[in-house]
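Here's the letter readout for the chains.
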Protein chains: 4
Amino acid sequence: MVIVMTPEATSDNIDSIVDLVATAGGEAYVTRGVSRTIIGLVGDVQQFETLDLNALPGVADVLRISAPYKLVSRENHVSRSVVSVAGVPIGGDHMTLIAGPCAVETPEQTLAAALMAKAAGASLLRGGAYKPRTSPYAFQGLGETGLKILSDVRAETGLPIVTEVVDAADVELVASYADMLQIGTRNMQNFALLQAAGEAGRPVMLKRGMSSTIEEWLMAAEYIAQRGNLDIVLCERGIRTFEKATRNTLDISAVPVAQRLSHLPVIVDPSHSGGKRDLVLPLSRAAIAVGADGIIVDVHPEPETALCDGPQALVGADLDELARVVATLPAMLGRTLAAAPERVATGV
Amino acid sequence: MVIVMTPEATSDNIDSIVDLVATAGGEAYVTRGVSRTIIGLVGDVQQFETLDLNALPGVADVLRISAPYKLVSRENHVSRSVVSVAGVPIGGDHMTLIAGPCAVETPEQTLAAALMAKAAGASLLRGGAYKPRTSPYAFQGLGETGLKILSDVRAETGLPIVTEVVDAADVELVASYADMLQIGTRNMQNFALLQAAGEAGRPVMLKRGMSSTIEEWLMAAEYIAQRGNLDIVLCERGIRTFEKATRNTLDISAVPVAQRLSHLPVIVDPSHSGGKRDLVLPLSRAAIAVGADGIIVDVHPEPETALCDGPQALVGADLDELARVVATLPAMLGRTLAAAPERVATGV
Amino acid sequence: MVIVMTPEATSDNIDSIVDLVATAGGEAYVTRGVSRTIIGLVGDVQQFETLDLNALPGVADVLRISAPYKLVSRENHVSRSVVSVAGVPIGGDHMTLIAGPCAVETPEQTLAAALMAKAAGASLLRGGAYKPRTSPYAFQGLGETGLKILSDVRAETGLPIVTEVVDAADVELVASYADMLQIGTRNMQNFALLQAAGEAGRPVMLKRGMSSTIEEWLMAAEYIAQRGNLDIVLCERGIRTFEKATRNTLDISAVPVAQRLSHLPVIVDPSHSGGKRDLVLPLSRAAIAVGADGIIVDVHPEPETALCDGPQALVGADLDELARVVATLPAMLGRTLAAAPERVATGV
Amino acid sequence: MVIVMTPEATSDNIDSIVDLVATAGGEAYVTRGVSRTIIGLVGDVQQFETLDLNALPGVADVLRISAPYKLVSRENHVSRSVVSVAGVPIGGDHMTLIAGPCAVETPEQTLAAALMAKAAGASLLRGGAYKPRTSPYAFQGLGETGLKILSDVRAETGLPIVTEVVDAADVELVASYADMLQIGTRNMQNFALLQAAGEAGRPVMLKRGMSSTIEEWLMAAEYIAQRGNLDIVLCERGIRTFEKATRNTLDISAVPVAQRLSHLPVIVDPSHSGGKRDLVLPLSRAAIAVGADGIIVDVHPEPETALCDGPQALVGADLDELARVVATLPAMLGRTLAAAPERVATGV
């Protein structure tokens, strides 16, 4: 059972509820979010129902939800959500293209990639300044220097920024530059990071863990939501199977399944799932056709020199074809390509 | 190294080659197909090259192929194949819809399903008379009675028949009714069955084993091809993973991967991969968009009473929507929906 | 619900039951085994209970079993079974070592391997005459020639023979030579083969499918049992996962799990699961320690020239160490190493 | 290529090497550990070899290692390591039993579990104060209160403490109480946490990610080692597969494989892999028999009321049997059960 408090609820309102729940033999977990406080109740639901919680001061809503995830479930939130990233919508009738380099390397490379992305129809720029790498000897990203480059490129191109954060301790810094925080596959169950992201006041893109079930993915989203942040976009990026011909196995069914279980938008990463350039276009088409709310694609001006995942980055004719696909295919599904902000953004 | 003989090659021609190869320290495996004989050579390739095999009487071609599969590889067969099933094409610029009941139950049910399939745009009728079931206590199919029903429905609707065979001993019987043989996921490495199907004089649809790699799938196709039958269509039907929300995980990437490795057409089964009716439409769209050469879909006039896999069979509005999708989406990919034969077929 | 008939039951007894069940709205599947006939009932169990089936002539037992597998379930068969292979026990307080070459290649190699096996403590000889191979270009076994070699080696060493059959059409021939039929991982759901093996009058070793659940494995065993043959030994041989350091992932937990669900003996194949010689000994120790009823190990006098799976065959000091392990470790678990037959067997 | 500096190396020594490497066109990553500094070189190895790095001041060793992990590889560290946890050895000829409650709940429950563990032969106490839970609504552990309970129980029983840390920000606090830090399966690729653990001055137990390859596991260990901490114990705890009868699939082969690739000790968690009490004993025997350097087992005085993973905790006769197994089976492998410290520890 979950109690959602009104924005005006006071600390006293909250304390009263906690005490009341304790009296009834239950436990109340208070999570103070940016815009509202949520109280999760653990214990005997029937006992709680005798408490008339809805009538208490400061209570906006009391949800009784059978799914193990509550706030992100579609059970009490039938319409699907639209998340706004600095004015760019993800979800609803939109199909949003996010594109950019896997890693920020130099100002020139990042700007070139952003212009390529924009020309192809992207309304958001992706780019990693903090790269979680399997090997400690691999390029780990430029850190804050990379964030500054992204910020400059946003000023130049008007594209809001999506960038990864890998440590709870970095969330505040990254959020001071980014329009949307990305949590990567290896950190899907880094609960401290999820909670910090839930309090950062930025929309969050949550990639599915490479061996996570859809239920666990939604539970991870619930950790973010519990902190008061429901601006969450789920990103399917391939799961681990025995197949060796592709880097991961894109679980295309996860898109409609997650969309039915949750009101959150669901996008697809065709670059990291296949891991090969010649799979990006077919998988992008499949993602749009299956009904994804967006796709996130690696582009790079010179893939052969990329410091990270060059073999999957689009360039040249492949990127032109992507532009054609995103311009035409979404209409088949009753969707419109989300537009980039008209005026140049000059910071968050 | 593989030697393809001309249709006119004599037994003497073949014996001479076998002897010659033995003299060179190698071994020659002769497989006599319906239309041509193939000789696979195992041993020292460089030694074989000194034999000037191309110049021998009866030799049509000598292929040196690095892939572990030879005849189905695209290495020496750059253009993609079109397989004709009683005049209905699979592959090339076509997108072919195969539809029908999971299992043949009664003449009425089968005819009703066939008419539904045809109305939705199907040009081939699927329907199982021999059902491989995990449980020995589950409905195992009507056997030859089912084949006769299929044959009658073909006469009535003009739709050629695709039906499964599960035992090498049944191949001849099934082939006497069917226009295309289907080999199911559990039998993908039933090599005796593959070889029998390779000699049956019918096109074969080979479903991917539920835990097979793409390479093993192509190797299984090679078993069929070795017997002289290259009219093979590959069918991706989902693989086994840890995810429990779907029956299997549709490996959508397997379509472009297999199409690049092999010249054979590749189709998708959205019904058995998802295992749920509400996944069939999104997965069908994804399959067409990724570039599949066809889709094979379960339909049933009364899914709630179906003896097999009712929960995934399309009916009513869902089927209308499938009709709309196959009528419009293939054009996005430069493909045309394959048409059913104009005149009523009256048997094989 | 399953009706087990007495050995003396007549055809009339059986027909009466089938008719009675039909009258009650159900269906009866009759399977005539070597020693007894079994009738599986499908339909409304409560309706069947009104029929007083136990009292009918020819009925030995009526089993109501909730597991999807009936005859192999431990629900109505609490004590664990011991299977006798030409006098050599598998199960109970025994730990049985089966060893021999992966493939029969020559009389000399097979005899040498058998003598190695016997010296190491093996009481049964394994050896493949029919080899299911992923590639049609790989060595497929010697066929009946191989069976004759095995038979000669049995006469020489006294070790009963375990050998694989891959096609239902070959079962009778193979059973005429073999003491135990082996069904391999690729054929675990080759239901025609399972049924033929169920009628062959020989004990059967059923390997787990490489991506099969334990439940499916027991269902496959049920197909054999249904034909009247309960002399089945289950063999865990590794499952397919994402891990690449080993050929397959030995699912060691499957041994105690299957032993609790089924009364059938469960053995382990440490050679094919790991796929590497230096894993065979640790995995053999683990298998014995976990409580397996036996292990089946590849040995070869000259592994470097083996036509099949040489890299995993034991020889020399490794085999000596295996002998030491099987001589000492089973006692830790309250088991005794099964002994080879004392007198030389001279044929089946 | 990896340069290991002497303990006496100065910052100037390090800076000189970094400059020299840059001059040669490479990049040098400096990681300052507790006891020594390590410099990883990325670039052209042949170029580096001309630099005569071994002769530079402050350089202890220069390692050229072909495995992607360097410091934890057995390539240049042939003998297997023994890690000492407050005097208790893990590795070498020892077999170490770690036992205790999954989660610390109360002082009484923790002390009772510790006494049960000690009586069974455990020399180290496990117990979670920070619990990473899939659901945000599940019990998350007592935090520092739990650490204090563990500390008190250590004083009472003399058993050093192994406890989990889930956030880099908590490492210093947890290390102030714990004798060994545990990093759980969900955090195996939480690189910030790994690096913090590498600097904490405590041995680390690193659980394998539930879908990680053995290579990725060793790479994760390398992140810890890079910070100067080689006191790492690897813990296999089951991987994710399609099998549903067990919570995870214990990859028993991972023990010998990891022991051959790395010099680090490898232990097994039979409780979390199987997830069922009746699997703990067979899997413990299998782990010891395969050659694991230790096992870590859940015990609880009242499993039915446990706040976490009660169904897998040992108690009563099962625990007595575990005591018997650890007292007798290791000798079969030439190992001795590691003893608990003789005198009562009174804090770290």
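Residues numbered from 1 in each chain as written. Chains lettered and ligands numbered in written order. Predicted model: local features only at pLDDT ≥ 70, side-chain atom pairs only at ≥ 80, totals over all residues. Heavy atoms only, no water.

Draft legend 1. Representation of the relation of the copies chain A and chain B within the structure. Mapping chain A onto chain B leaves a residual RMSD of 0.1 Å; the transformation is a rotation of 180 degrees accompanied by 0.0 Å of translation along its axis. The symmetry that links the two subunits is that of a two-fold axis. For chain A, the minimum C-alpha distance to the rotation axis belongs to Ala286 of chain A and amounts to 2.1 Å. (Least-squares fit on C-alpha atoms with pLDDT ≥ 70 in both.)

Draft legend 2. Geometry of the pairing of strand β10 (residues 180-183) of chain C. Residues and elements named next belong to chain C. Every second residue of β10 is oriented toward a common face, with Met180 and Gln182 on one face and Leu181 and Ile183 on the other, all of them buried. Where strand β9 (residues 161-164) lies against β10, three bridges are found, and the strand directions are parallel. Counted as the bridge partner of Thr163 is Leu181 from β10. You can see the chain leave β9, run along helix α5 (residues 171-177) and come back into β10, and the turn it takes is right-handed. Strand direction decides the pairing type here: β10 and strand β11 (residues 204-207), joined by three bridges, are parallel. Considered in β11, the bridge of Ile183 is made with Leu206. (Buried < 20%, exposed > 50% of the residue type's maximum accessible area, 1.4 Å probe, protein only. Helix = DSSP H or I, 4+ residues; strand = E, 2+ residues; numbered from the N terminus. Pairing = 2+ DSSP bridges. Right-handed = clockwise from strand over helix to strand, strands pointing away.)

Draft legend 3. Here's a closer look at the sheet that holds strand β1 (residues 2-5) of chain C. Residues and elements named next belong to chain C. With antiparallel pairing, four strands are arranged side by side in an open sheet as β2-β3-β1-β4. The open sheet is flanked by β2 (27-32) and β4 (59-63), the only strands paired with a single partner. For this sheet the average axis-to-axis angle between neighbouring strands, irrespective of direction, equals 20 degrees. Here helix α1 (residues 11-23) sits on the sheet and contacts β1, β2, β3 (37-42) and β4; the angle it forms with β2, its principal contact strand, is near 160 degrees. (Axes fitted to C-alpha atoms, helices over the stretch in contact; angles between N-to-C directions. Contact = heavy atoms within 4.5 Å.)

Draft legend 4. Geometry of the interface of chain D and chain B. If you look at the interface, chain D gives four residues, while chain B gives four residues. Ranking the residues of chain D by area buried against chain B places Arg240, Phe242 and Lys244 of chain D at the top, with a combined share of 90%. If you look at where chain D meets chain B, you find zero salt bridges. Taken together, chain D and chain B are joined by zero residue pairs in polar contact (both at pLDDT 80 or more). (Buried area = accessible area lost by both parts, 1.4 Å probe. Salt bridge = Lys/Arg side-chain N within 4 Å of Asp/Glu carboxyl O. Polar contact = N/O pair within 3.5 Å; in protein donor to acceptor, adjacent residues only side chain to side chain.)

Draft legend 5. A look at the sheet that holds strand β1 (residues 2-5) of chain A. All names here are of chain A. Ordered by their spatial adjacency, four strands build an open sheet running β2-β3-β1-β4, and the pairing between neighbours is antiparallel. A single partner strand is all that each edge strand has here, and the edge strands are β2 (27-32) and β4 (59-63). Ignoring strand direction, the axes of neighbouring strands in this sheet form an average angle of 20 degrees. Bridge count between β1 and strand β3 (residues 37-42): three bridges; the pairing is antiparallel. Paired with Val4 across the two strands is Ile38, which belongs to β3. On top of the sheet, helix α1 (residues 11-23) reaches β1, β2, β3 and β4; it is set at about 160 degrees to β2, its chief contact.

Draft legend 6. Local environment of helix α1 (residues 11-23) of chain B. Residues and elements named next belong to chain B. Taking 1.5 Å of rise per residue, the 13 residues of α1 would be expected to cover 18 Å, and the 18 Å separating its terminal C-alpha atoms lies within 8% of that figure. For α1, the set of buried residues is Asn13, Ile14, Ile17 and Val21. The arc that holds the buried residues of α1, viewed along the axis, is 95 degrees, so those residues lie on one side. Within α1, the exposed residues directed more than 90 degrees away from the buried face are Asp12 and Thr23. The inward-facing, buried residues of α1 contact β1 (2-5), β2 (27-32), β3 (37-42), α2 (45-49) and β4 (59-63). Note on α1: the residue one or two positions beyond its end, Gly25, has a positive phi of about 85 degrees. (Expected span 1.5 Å × (residues − 1). Arc of directions from axis to C-beta.)

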